[in-house]
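Coordinates in review
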Amino acid sequence: MPLIPVGPETTCETAGPLKLKSWNTIFRDKDHGWSPLLWVLHLGFFFIQPIMDHVSLKMWLLDGLAAVLFLFLYFGLFVLVNPRALAHIVGMVLLGLLLQPINGGACTFFIFAAAMLPFCVESQATAFAGLLVIGATGAIEGLLLHVGGWQLFYSALFPVIIGAGNTFFAERNRMNHKLRKANDEIEHLAKVAERERIARDLHDVLGHTLSVITLKSELAGKLMDRDPQRAGTEIREVEQISRQALSDVRDAIRGYRSRGLEAELAQAKSTLETAGVAAKFEAARVPLPALQESVLSMAVREAVTNVVRHAHAHTCSLRLEQRNGSCHLEIEDDGRGGFQNEGNGLRGMRERVEMLGGTLTRDSQAGTRLAITVPLKAVAPKSGVSKSGERDH
């Protein structure tokens, strides 16, 4: 049975029955706030008859004890982490039954019980059923005591009216509680997705860049004695790539990491040639939306990095073209192949492609062939395909 809604940050189903919330949590309650301190002022109606009738000290002590018990039941609904809500409601009704024969103002306890009940049950139907029970209880006792018409109204009918009105506020609180919970979950999922995106992008950016730096550094070391001038050129390129890597990392964190597919193809060809892999590119100019271009750029980067680091290939071919409203990218090498398990890079690539409604297939029987298709708008390529090994600028 759910309690008075106080938000996901303050409920605790496993807490003990007497565990108190922090004061900060109580007064920052998103559903009730300071309202309970104002509602309790209605308890003053309980003392009207003792004041008007000048009752004895014994009666004052009895009424005072009843008021103290009521306050424990009432505030327990708000300050306890896990109150037994229905027990508190039943306690208020019992106080009304016991005190009404000696104090007509005890109908106040029926009213409080009916007002609190809708916030302590799961549905409006349950709330209305409970209100009928409270109203019937007040009516039966009033008839047995032969109370006047107004007192019977305040004991039986008025609590039902107040409680019925509160059922709508309670339903709103439940909806707000669910909405806050859903928003918290969405925020959590968004943070997880952003961390995963940054992890994928950093893997792709740094994996590729560090591979290029390693290749060029090894080449510079081999050329140091026999061709110092070219070795110096390679070292300067390592510096430039390192600076670009810093920029790529910053862009990856911001989410704007792609330099464009054309620049990525040029870098891919340079990387392959530095690694001693013959590159043959057939790349048509396909008008790509920004997101598709970013995904394909990262796919080219990851695929070329895998060729350089793992494939031990001699040649690598790349084909980019438009087919039936989709962009088709195919990268194939003559390396050792045989890898069936997908690493982090390939998984990240597949997630990006499938996020766009595209497909990614891999064949590693003889070498590795990677085929990626992403949907596009129906637009014609701006230029043809160059088959000489150079990209068509």
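In the block above lies the structure referred to throughout.
Heads up: these notes are all about the structure in this document.

**Looking at the packing of aromatic side chains**
A full pass over the atoms with the stated rule returns 15 aromatic pairs. Ring centres 4.8 Å apart and planes at 45 degrees place the aromatic pair Phe-46 and Phe-109 in the tilted group. Within this pair, whereas Phe-46 is found in the loop between helix H2 (35-39) and helix H3 (48-53), its partner Phe-109 is found in helix H6 (residues 107-116), the two being separated by 63 residues in sequence. Of the two residues, Phe-46 and Phe-109, neither departs from the other in class, the shared state being buried. Aromatic side chains Phe-153 and Tyr-154 sit 5.3 Å apart centroid to centroid with 70 degrees between the ring planes, which places their arrangement in the edge-to-face category. For Tyr-154, a relative accessible area of 34% puts it in the partly exposed group. An aromatic cluster is defined as three or more aromatic residues linked by ring pairs; in this entry it consists of Trp-39, Phe-46, Phe-47, Trp-60, Phe-70, Tyr-74, Phe-75, Phe-78, Phe-109 and Phe-112.

**Quick notes on unusual backbone geometry**
For His-54, which is not glycine, the phi torsion reads 50 degrees and is therefore positive. Following the sequence through the fold, His-54 ends up in the loop between H3 and helix H4 (57-79). You will see that His-312, though not glycine, has its phi angle at about 55 degrees, which is positive. The residue His-312 is located in the loop between helix H11 (290-311) and strand E2 (315-323) in this model. For His-312, a relative accessible area of 56% gives the class exposed.

**Structural notes on the sheet that holds strand E3 (residues 326-333)**
The strand order E1-E2-E3-E5-E4 describes an open sheet built from five strands, whose pairing is mixed. With partners counted over all chains shown, the strands left at the sheet margins are strand E1 (278-283) and strand E4 (359-363), one partner each. Sheet twist, expressed as the mean angle between neighbouring strand axes with direction ignored, is 10 degrees. Summarising the sheet, E4 and strand E5 (residues 368-375) pair through five bridges and their orientation is antiparallel. When the sheet's bridge partners are listed, Arg-362 is paired in E5 with Leu-370. Set on the sheet, helix H10 (residues 261-274) makes contact with E1 and E2; between it and E1 the angle comes to about 160 degrees. Packing against the sheet, H11 makes contact with E2, E3 and E5, and its axis sits at approximately 5 degrees to E3.

**Brief notes about the layout of surface pockets**
For the largest pocket, the calculated volume is near 620 Å³. Lining the largest pocket are 26 residues, and of these His-42, Phe-45, Thr-108, Ile-111 and Phe-158 lie nearest its centre. Elements represented by at least two residues in the lining of the largest pocket include exactly H2, H3, H6 and helix H8 (149-223). Per-element tally for the lining of the largest pocket: the top contributor is H8, with nine residues. Split into classes, the residues belonging to the lining of the largest pocket amount to 14 nonpolar, ten polar and two charged.

**Here we look at the pattern of salt bridges**
When their charged atoms lie close together, side chains carrying opposite charge are able to pair. Applying the stated criterion across every chain, the model contains seven salt bridges. With a shortest N-O distance of 2.9 Å, Glu-171 and Arg-174 are connected by a salt bridge. Here Glu-171 and its partner Arg-174 are both found in helix H8, three residues apart, which amounts to about one turn of the helix. Its salt-bridge partner being Arg-301, residue Glu-264 comes within 3.0 Å of it at the nearest N-O pair. You can see Glu-264 sitting in helix H10 and its partner Arg-301 sitting in helix H11, a full 37 residues away along the chain. Salt bridges sharing common partners tie together Lys-280, Glu-282, Arg-319, Glu-330 and Arg-369.

**Focus: the side chain of Asn-103**
In this fold, Asn-103 is placed in the loop between helix H5 (85-99) and H6. Once residues within four sequence positions are removed from consideration, Asn-103 is found in contact with Phe-46, Gln-49, Pro-50 and Asp-63.

**Section: the pairing of E5**
As paired strands, E3 and E5 are joined by eight bridges and run antiparallel to one another. From the neighbouring strand, His-328 faces E5, where its bridge partner is Thr-373. Between the antiparallel neighbours E4 and E5 lie four residues, among them Gly-367 with a positive phi of about 70 degrees.

**Side note on the environment of Gly-138**
Following the sequence through the fold, Gly-138 ends up in helix H7 (residues 124-145). Taking the C-alpha atoms as reference points, Gly-138 and Phe-153, 15 residues apart in sequence, are found 9.1 Å from one another.

**Considerations on H7**
Think of an α-helix as turning once every 3.6 residues; residues three or four places apart then point the same way. The terminal C-alpha atoms of H7, which comprises 22 residues, lie 31 Å apart, in line with the 32 Å expected from a rise of 1.5 Å per residue. For H7, every residue scored as buried is listed here: Ala-127, Gly-130, Leu-131, Ile-134, Gly-135, Gly-138, Glu-141 and Gly-142. The buried residues of H7 occupy an angular sector of 135 degrees when projected down its axis, which confines them to one face. In this structure, H7 carries Ala-125, Leu-132, Val-133, Ile-140, Leu-143 and Leu-144 as exposed residues pointing more than 90 degrees from its buried face. Looking one or two residues beyond H7, the residue adopting positive phi is His-146, at roughly 55 degrees.

**As for the nonpolar core**
Grouped together as the largest cluster of nonpolar side chains are 37 residues, with contacts concentrated most on Leu-272, Leu-296, Val-300, Leu-318, Cys-327, Leu-329 and Ile-372. Counting only elements with at least two residues in this core, the list comes to H10, E1, H11, E2, E3, helix H12 (344-355) and E5. Of all the elements, H11 adds the most residues to this core, at nine residues. When near neighbours in sequence (up to four residues on either side) are disregarded, Val-300 contacts Leu-261, Glu-264, Leu-265, Ala-268, Leu-318, Leu-329 and Ile-331. Counting 30 residues, the second largest nonpolar core, distinct from the first, contains Leu-77, Ala-85, Ile-89 and Leu-131.

Thresholds, definitions, all that
- Residue numbers restart at each chain and count upward from 1, following the sequence in its written direction.
- Where local features are concerned, this predicted model is filtered to residues with pLDDT of at least 70; where side-chain atom pairs are given and counted, the filter is 80 or more; whole-chain, interface and lining totals use all residues.
- Calculated side-chain values reflect all of the structure's heavy atoms, with hydrogen atoms and water omitted.
- Stacked, tilted and edge-to-face are the three classes assigned to paired rings of Phe, Tyr and Trp, where Trp is represented by its six-membered ring and a pair needs centres within 6.5 Å; plane angles under 30 degrees give stacked, over 60 edge-to-face, the rest tilted.
- Helix and strand assignments follow DSSP, with helices taken as H or I runs no shorter than four residues and strands as E runs no shorter than two, numbered in order from the N terminus.
- Only protein chains enter the accessibility calculation, which uses a 1.4 Å probe; a residue is then buried when its area is under 20% of its type maximum, exposed when over 50%, and partly exposed in between.
- Strand pairing is assigned whenever DSSP identifies at least 2 bridges connecting the two strands.
- An axis is simply a line fitted to the C-alpha atoms; with a helix, the fit covers only the stretch in contact. Between two such axes, the angle follows the N-to-C directions and lies from 0 to 180 degrees.
- The contact rule is simple, with two residues in contact once any of their heavy atoms fall within 4.5 Å.
- Points on a 1 Å grid, built from protein atoms alone, make a cavity when a 1.4 Å probe fits but cannot get out and make a pocket when they are open with protein on both sides within 12 Å along at least 5 of 7 lines; residues with an atom within 4 Å of a point are the lining residues.
- Grid points are joined across faces, edges and corners, and a volume is the space filled by probe spheres set on the points.
- When residues are grouped by polarity, Ala, Val, Leu, Ile, Met, Phe, Trp, Tyr, Cys and Pro land in nonpolar, Asp, Glu, Lys and Arg in charged, and all others, Gly among them, in polar.
- In what follows, salt bridge is the name for a side-chain nitrogen of Lys or Arg lying within 4 Å of a carboxyl oxygen of Asp or Glu.
- Expected span of a helix, by definition, is 1.5 Å for each gap between consecutive residues, and there is one gap fewer than residues.
- Read the arc as the range of directions from the helix axis to the C-beta atoms.
- Among buried residues, the Ala, Val, Leu, Ile, Met, Phe, Trp, Tyr and Cys ones that are joined through side-chain atoms within 4.5 Å form a nonpolar core.

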